[in-house]
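Residues per chain are reported as follows:
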Amino acid sequence: MVGMSVLRSAAAFAARLSPLKSGNNAANLLSRTVTRTDKVAVRWGHGKNMFIIKPSDFYDRRFLRLLTFYTLLTGIPMAVIITGVNVFVGEAELVETPEDYEPEHWEYYKHPITRWIARTFYDSPVKDYEKMLAAIQIEKEKADMRLNQLEARRQMRQKGDGPWFQVDTLNKELIDNSPKSTPDN
Amino acid sequence: MPADHDKDAYPEPPRQTPVAEKQTALPNPAVILSQLFYYSVDVPVTTFRGVIDSFRDNNKPVYYHQKYRRVPDLTECQEGEYTCYYEAEMQWRRDFKVDQEIVKVVQERLRACQQREGNSYQQNCAKEMQQFSETTKNYQLRYGDLGAYASARKCLMKQKERMIAAQAQSA
């Protein structure tokens, strides 16, 4: 009997915690039974509520959510910037080069973003051309010097009158002539 | 959006549609439809373009056409002057691009002519066809089978072979 009252007070406490759940009102607190699931109230709304058993699409939806998030993270600012540039700055128009005016190297491009990239990051094509010519000149001089060196080696080895390929002769004072100094050795 | 190309450079032939003489009092449905299209599509689009263009009226950037100086050719370079070779090679590459664009322009003219004339293109486009065949023949002779790694040297060697063949044929 005491246990019964403990159970009843525990069930009342649980009912107070979630009063809206069915079966939690005072009338059927201890004598409630499990709800029947085969006789459900059918109201003419969206039809009978079905519990559709299908495999989890959580991972697929999470992937698509993350994909859209990370593409739009840089996509939206870029789209806004590019639209703003195209609307407010606009593409350049082709005009005849005026007399005695040397255009800067970025003024040969049409789109404003291309002009900005050419102005900020790239060297002018004239400078690139000169850099290439300088590299070729250096390599040509190196090749010419190597050929000259080979020719000088050949000449000096052959004629023997240059500073290279000189073999030091022995010091005559170091030669011991004692084995051959008398004819009877 | 950039301006359209210069229409006087490649003029289209004058239109030959006859002037329509109205003989009835009924309204012409084609005129009604064209006016409907004009007011519903053309006017809003043009005003939108005008609004957008008004933002750029103050500072319009301009761009110029780059002109390159002529440098000595590959035939005028001394043996072993690699800087001269490089400049001649770059000039040959620029001329190659220009020739490719020339062929494209002539092709485009022939295509436009065929589209205009419709089924009678073989008679009416004879001038364009002759120009096209001549241009492509010369292009094929000069740059024909040089391949992907074409260079000024290979083109010069091809020219030498052509001249040898021409001399052998005439001799």
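Structure's up top.
Structural notes, computed from the coordinates. (Residues numbered from 1 in each chain as written. Chains lettered and ligands numbered in written order. Predicted model: local features only at pLDDT ≥ 70, side-chain atom pairs only at ≥ 80, totals over all residues. Heavy atoms only, no water.)

### Quick look at the overall build of chain B
Applicable threshold: Each helix is a run of H or I in the DSSP string that is no shorter than four residues. Each strand is a run of E no shorter than two, and both are numbered from the N terminus. We call a residue buried when its accessible area falls under 20% of the maximum for its residue type, exposed when it is over 50%, and partly exposed in between, using a 1.4 Å probe and counting protein chains only. Contacts between residues were defined by any pair of non-hydrogen atoms, one from each residue, lying within 4.5 Å.
Secondary structure assignment for chain B yields 5 helices and 1 strand. Taken from N to C terminus, the helices and strands of chain B fall in the order α-β-α-α-α-α. For chain B, the proportion of its 171 residues judged to be buried stands at 18%. At a minimum sequence separation of 6, the contacts of chain B that also span at least 24 residues come to 50%.

### Notes on the environment of Asn86 of chain A
Its place among the elements puts Asn86 of chain A in helix 2 (residues 58–89). Separated by 27 residues in the primary sequence, Asn86 of chain A and Ile113 of chain A place their C-alpha atoms 9.1 Å from one another. Once residues lying within four places of it in the same chain are set aside, the contact partners of Asn86 of chain A are His111 of chain A together with Arg56 of chain B.

### Notes on the layout of surface pockets
Rules: Only protein atoms enter the 1 Å grid used here. Points where a 1.4 Å probe fits but cannot escape make up a cavity, open sets with protein on both sides within 12 Å along at least five of seven lines make up a pocket, and a residue lines them when an atom lies within 4 Å of a point. Grid points are joined across faces, edges and corners, and a volume is the space filled by probe spheres set on the points. Residues are grouped as follows: Ala, Val, Leu, Ile, Met, Phe, Trp, Tyr, Cys and Pro are nonpolar; Asp, Glu, Lys and Arg are charged; all remaining types, including Gly, are polar.
Within this model, the largest pocket holds a volume of roughly 1200 Å³. Counting residues per element, the ones that place at least two in the lining of the largest pocket are helix 4 (125–159) of chain A together with helix 2 (82–117) of chain B. Counting residues per element, the lining of the largest pocket draws most heavily on helix 2 of chain B, at 11 residues. Grouping the constituent residues of the lining of the largest pocket by class yields 16 nonpolar, 7 polar and 11 charged. Roughly 450 Å³ of volume is contained in the second largest pocket.

### Points about the packing of aromatic side chains
Residue and element names in this part refer to chain B. The condition that has to hold: By convention, a stacked pair of Phe, Tyr or Trp rings (six-membered ring in the case of Trp) has centres within 6.5 Å and planes under 30 degrees apart, an edge-to-face pair has planes over 60 apart, and any other such pair is tilted.
Evaluation of the coordinates by the stated rule reveals 13 aromatic pairs over all chains. Both rings, one in Tyr82 and one in Tyr85, keep their centres 5.6 Å apart while their planes meet at 85°; by these two values the pair is edge-to-face. Residue Tyr82 and its partner Tyr85 are located together in helix 2, separated by 3 residues, close to a single helical turn. Between Trp92 and Tyr143 the ring centres are 6.0 Å apart and the planes differ by 55°, which places this aromatic pair in the tilted class. Of this pair, Trp92 sits in helix 2 while Tyr143 sits in helix 4 (residues 126–143), placing them 51 residues apart in sequence.

### Quick word on the pattern of salt bridges
Let me state the cut-off plainly: Note on definitions: salt bridges are taken to be side-chain nitrogens of Lys or Arg within 4 Å of carboxyl oxygens of Asp or Glu.
Tallied over the entire structure, the rule returns 14 salt bridges over all chains. Salt-bridge contacts for Asp123 of chain A lead to Lys131 of chain A; the nearest nitrogen and oxygen are separated by 2.8 Å. Judged by relative accessible area, which is 31%, Asp123 of chain A ranks as partly exposed. Lys131 of chain A sits in the partly exposed class, given a relative accessible area of 42%. As a salt-bridge pair, Asp53 of chain B and Arg49 of chain B come within 3.2 Å of each other at their nearest N and O atoms. Here Asp53 of chain B pairs with Arg49 of chain B, and both are found in helix 1 (residues 29–54), just 4 residues apart, close to one helical turn.

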